[in-house]
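# Residue-level structure breakdown
Here are the chains, one letter per residue:
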Amino acid sequence: MQTLTINIDKKLTLNPNFYRIEKIINLTKEAFIIRMPKSRFNYKAGQHISLSISGNYQSREYSIYSGENDNYFEILVKEVSGGHFSPKLKNLKSGDMVEIHGPFGKFGIDEKKLKTHKHVFIASGTGIAPFHSMVKSYPELNYQMIHGVRYAEESYEANEYNPECFELCTSRDNKGTFSGRVTDYLKQTNFETNTVFYLCGNSDMIFDAMDILKNKDFSRDEVNCEVYF
């Protein structure tokens, strides 16, 4: 049995798609971070991966949460009550194996506007994941983060952002910096003309936000989207 285990470990080490979990970081009762060694895995902030549990045929896509220069890579997960996959992820522990494919996608910072524009990130729930990666990867970025959640406790690692650049919109309590939905905040806010927007989260929020920004005379070229569900 011991010899068999050693052989499996060698095989997994040689296969770049398999990663051993380093740490599970619980943020709330439902939300958690899965951290894995970066190894030779290179990605751009904003990209996503497909993840499956070793021995399980199911897989899901998750935006990369960590920064490009971190010596590990992370994803942000929220357990879905009654779901088939996220509860299994919630039960993982350090040392368990997962299979990773990717990275995928072209959602990311508009390099042509990196220094000339303000970058406004608009997220709902765990849709903040790619923006966390972008802010960590571009420490000199001129940005504003607008995060929409139900309760203030869902402001995942809000302390990692410049408080002057972070707007927390809470729809079910008044503990955020703004009481109401992200779309309510957008309707009441004026943005500089040299602004580029990035939207990530549920489709209803994204489509509503795009209409609001269009009514504020921002073109489709100035709005980048990543739809979660």
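Residues numbered from 1 in each chain as written. Predicted model: local features only at pLDDT ≥ 70, side-chain atom pairs only at ≥ 80, totals over all residues. Heavy atoms only, no water.

### A closer look at the nonpolar core
- Phe121, Ile128, Phe131, Tyr143 and Met145 are the most contacted members of the largest nonpolar core, which totals 28 residues.
- Those elements that place two or more of their residues in this core are strand 3 (31-37), strand 8 (118-124), helix 3 (129-137), strand 9 (143-149), strand 10 (166-170) and strand 12 (195-201).
- Ranked by the residues each element gives to this core, the list is headed by helix 3, at four residues.
- Grouped together as the second largest cluster of nonpolar side chains are 20 residues, Tyr19, Met36, Tyr43 and Phe73 included. (Core = buried A, V, L, I, M, F, W, Y, C linked by side-chain atoms within 4.5 Å. Buried < 20%, exposed > 50% of the residue type's maximum accessible area, 1.4 Å probe, protein only. Helix = DSSP H or I, 4+ residues; strand = E, 2+ residues; numbered from the N terminus.)

### So, the sheet that holds strand 1 (residues 18-20)
- With respect to topology, four strands assemble into an open sheet ordered 1-7-4-5, the strand pairing being antiparallel. Both edges of this open sheet fall to strand 1 and strand 5 (60-63), since each of them pairs with a single strand only. Each strand axis lies, on average, 40° off the axis of its neighbour in the sheet, ignoring direction.
- In the sheet, strand 4 (residues 48-53) pairs with strand 7 (residues 97-104) via five bridges, with the strands oriented antiparallel. Residue Ser50 lies in a different strand from strand 7, and its bridge partner there is His101. (Pairing = 2+ DSSP bridges. Axes fitted to C-alpha atoms, helices over the stretch in contact; angles between N-to-C directions.)

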